[in-house]
Amino acid sequence: MRNLIPSYIRVPVIFFIIFGLVEYFVDSGAQPAFIKFPIVLLFLTLILIILIAIEAIVGALENVMFQSLSAKEKERFLASKNKTPEFAWIKNTYKKLVGTKPIEEEGELILDHNYDGIKELDNSLPPWWLYSFYASIIFAAIYLVNFHIFGNNSQFDEYAEEYKQAEISIAEYKKNAKDLIDINTVTLLTDPADLNSGKAIFEQNCIACHMADGGGGIGPNLTDNHWILGGGIKNVFKTITEGGRDGKGMISWKQNFKPSEIAQVASYVLSLQGTTPANPKAPEGDVWVDESVSAPAVETTTTEVDSLSAAPAK
Ligand code: HEC
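For every chain, the first residue of the written sequence is number 1, and numbering continues from 1 onward in sequence order. The predicted nature of this model means local features are confined to residues of pLDDT at least 70 and side-chain atom pairs, given and counted, to a pLDDT of 80 or more, with totals for whole chains, interfaces and linings taken over all residues.

For the protein chain, the name recorded in an unreviewed UniProt entry is Cbb3-type cytochrome c oxidase N-terminal domain-containing protein, with Gaetbulibacter aquiaggeris as its organism.

So this is what it looks like as structure tokens:
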């Protein structure tokens, strides 16, 4: 039985069974046990050394026993040992790949020069080496023609392709991770669904101070184009997230709402711009000019006119 499995298979198999058991029984969380507890590595190395040592001892004992046998018994022993046809093909393939000549045939290989008794053998190249070499030449030819002559899928193309893929996945990720928005990335939402959600938030949380129509009360009028803390989606988003000036009554809402919800209510607040509330509070702060749009001077004046015409309306 023992002869059926050669030692170069027996040792690794036993080793990996022990390795598997260790990993199974040692609780090391997400990390492999031998990384979390380096002592395990030492243990496994010891096991490996012991396994190899056992093989070596068994081999040596067998050898001693073999030498003590009579010629006939030796023959019988060898016959029983060679009854391992399962692995004969491995041995044969190995022999073929290494391509060495048996020592008896060495005479054919010997070169006829002789330096002070040192002779040289003219072994042919081992087939495994030779065929790998040929394979590498064929590979190189195909590679050269494909990538350098036809320019198929060069490294640059591959890079560009991967870059494009990455951008698509980032866009996809951002679409699904709405709450990734912050003051730098927030944009004015115009989708009626978003504005409706914003309106709902506004009516539940903000009208006590800003009135349902944004006309203002404790808080300033949100319908005019005068802003204490700056207009535009970014500033409004920031005011709602971080709150107003200390002691004025406008708290930070970032504990209450997700960034996506703040963007909705901020967009809703901005949608109130230019509406006429029932009881508007006088404008506070400065007229907000959106510099990022780089509007021409004309537009600034028209908004100013608007604010003036809005003021007497109260
Ligand atoms: C307790 C009263 C109160 C509540 C509730 C309140 N605010 Fe305010 N809000 C204020 C005050 C007061 C200011 C002025 C802050 C300042 O002067 O720094 C303000 C300022 C603002 C501004 C900036 C206005 C400007 O002119 O720059 C925005 C936008 C705003 N609030 C939106 C909201 C939203 C949206 C909510 C609901 C989520 C809300 N507020 C809830 C009192 C309130």
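Moving on, there is more to tell.
Q: Before we go on, may I ask you to explain the overall build of the protein chain in this structure?
A: To qualify as a helix, a DSSP run of H or I must reach at least 4 residues; to qualify as a strand, a run of E must reach at least 2; elements of each kind are numbered from the N terminus. A tally of regular secondary structure across the protein chain gives 12 helices and 4 strands. As a rule, residues whose C-beta atom has 12 or fewer other C-beta atoms within 10 Å are exposed, those with 20 or more are buried, and those in between are partly exposed; C-beta atoms are placed from the backbone. Expressed as a percentage of its 314 residues, the buried residues of the protein chain come to 12%. A residue pair is marked as a contact if its C-beta atoms, positioned from the backbone, fall within 7 Å. Contacts spanning at least 24 positions in sequence make up 65% of the contacts within the protein chain whose residues lie at least 6 apart.

Q: Looking at this model, I keep getting lost on the nonpolar core. Mind explaining?
A: Ranked by internal contacts, the top residues of the largest apolar core, which has 15 residues, are Phe237, Val265, Ala266 and Val269. Per-element accounting of this core gives the leading share, 6 residues, to helix α11 (residues 259–271). Apart from residues lying up to four places away in sequence, Val269 is in contact with Phe202, Gly214, Leu222 and Val236. Note on terminology: a nonpolar core is any set of buried Ala, Val, Leu, Ile, Met, Phe, Trp, Tyr and Cys residues joined through C-beta atoms within 7 Å.

Q: I would appreciate a short explanation of the UniProt feature "coiled-coil region" (unreviewed entry) in the protein chain in the present structure.
A: UniProt positions are given in the numbering used here, feature names are shortened, and annotations may be inferred rather than shown by experiment. Following the UniProt record, one finds the feature "coiled-coil region" (unreviewed entry) at residues 156–183. With 75% helix and 0% strand, residues 156–183 has its two end C-alpha atoms placed 35 Å apart.

Q: Would you take a moment to explain the packing of helix α8 (residues 192–205) against α11 for this structure?
A: The packing of two helices is summarised by the inter-axis angle and the distance between the axes. Every axis corresponds to a line fitted to the C-alpha atoms, with the helix fit spanning only the stretch in contact, and the corresponding angles, defined between N-to-C directions, vary from 0 to 180 degrees. Here α8 crosses α11 at 90 degrees, and the two axes come no closer than 7 Å. Classified by the angle between their axes, α8 and α11 sit roughly perpendicular to one another. On α11, the residues that touch Asp194, Leu195, Ser197, Gly198, Lys199, Ile201 and Phe202 of α8 are Glu261, Gln264, Val265, Ser267, Tyr268, Val269 and Ser271. In this classification, the charged set is Asp, Glu, Lys and Arg, the nonpolar set is Ala, Val, Leu, Ile, Met, Phe, Trp, Tyr, Cys and Pro, and all remaining amino acids, among them Gly, are polar. For the contact of α8 with α11, the class distribution of residues is 6 nonpolar, 5 polar and 3 charged. We call two directions roughly parallel when the angle between them is under 35 degrees, roughly antiparallel when it is over 145, roughly perpendicular when it lies between 65 and 115, and oblique otherwise.

Q: Would you explain the packing of helix α10 (residues 232–242) against α11 in this entry?
A: At a minimum axis distance of 9 Å, the contact between α10 and α11 shows a crossing angle of 125 degrees. It follows from the interaxial angle that α10 and α11 lie oblique. The two elements α10 and α11 meet at a crossing, and its hand is right-handed. Contact residues: α10 offers Ile233, Val236, Phe237, Ile240 and Thr241, while α11 offers Ile262, Ala263, Val265, Ala266, Ser267, Val269 and Leu270. Tallied by class, residues from the contact of α10 with α11 come to 10 nonpolar, 2 polar and no charged. By the definition used in this description, the sense in which the near helix is turned from the far one sets the handedness, with an anticlockwise turn below a right angle giving left-handed and a clockwise turn giving right-handed.

Q: Just to check I follow, could you spell out the environment of Asp179 for this structure?
A: Looking at the secondary structure, you find Asp179 in the loop between α7 (155–176) and α8. Between the C-alpha atoms of Asp179 and Ile262, which are 83 residues apart in sequence, the distance is 9.6 Å.

Q: Can you walk me through the pairing of strand β2 (residues 118–121) in this structure?
A: Along any regular strand the residues' side chains alternate between the sheet's two faces. Two strands form a pair only when DSSP identifies at least two bridges running between them. Sheet topology places strand β1 (residues 110–115) next to β2; 3 bridges connect them, and they run antiparallel. In the strand pairing of β2, Asn114 is matched with Lys119. Taken together, β1 and the strand that follows it, β2, pair antiparallel across an intervening segment of 2 residues, in which Asp116 is found at a positive phi of about 45 degrees.

Q: It is not clear to me how α7 should be interpreted in this structure. Could you clarify?
A: Since one α-helical turn is 3.6 residues long, residues separated by three or four positions face the same way. Here a helix's expected span is defined as the number of its residues, less one, multiplied by 1.5 Å. The terminal C-alpha atoms of α7, which comprises 22 residues, lie 31 Å apart, in line with the 32 Å expected from a rise of 1.5 Å per residue. For α7, the buried fraction is low: 0 of the 22 residues fall into the buried class.

Q: Can you help me understand unusual backbone geometry in this one?
A: Of all residues except glycine, most have a negative phi; of all peptide bonds, most are trans. The phi dihedral of Asp116 falls on the positive side, at around 45 degrees, and the residue is not glycine. Structurally, Asp116 can be placed in the loop between β1 and β2.

Q: Hey, could you run me through the environment of Thr276 in this one?
A: Its location among the elements puts Thr276 in the loop between α11 and β4 (286–287). On the basis of neighbour count, Thr276 is assigned to the exposed category, with 12 C-beta atoms found within 10 Å. On a C-alpha basis, the gap between Thr276 and Gly215 in space is 7.9 Å, while along the polypeptide they are 61 residues apart.

Q: How do you make sense of the confidence of the model for the protein chain when you look at a structure like this?
A: Regions with low pLDDT carry predicted coordinates that are not meant to be interpreted in detail. A score between 0 and 100, pLDDT records how confident the predictor is in each residue. Of the residues in the protein chain, 90% reach a pLDDT of 70 or more, and the chain-wide mean stands at 84. This model gives residues 295–307 a pLDDT under 50, and the stretch forms 12 contacts once residues within four places in sequence are excluded. In this model, residues 309–314 is a region of pLDDT below 50 whose contacts with residues beyond four sequence positions or in other chains number 5 contacts.

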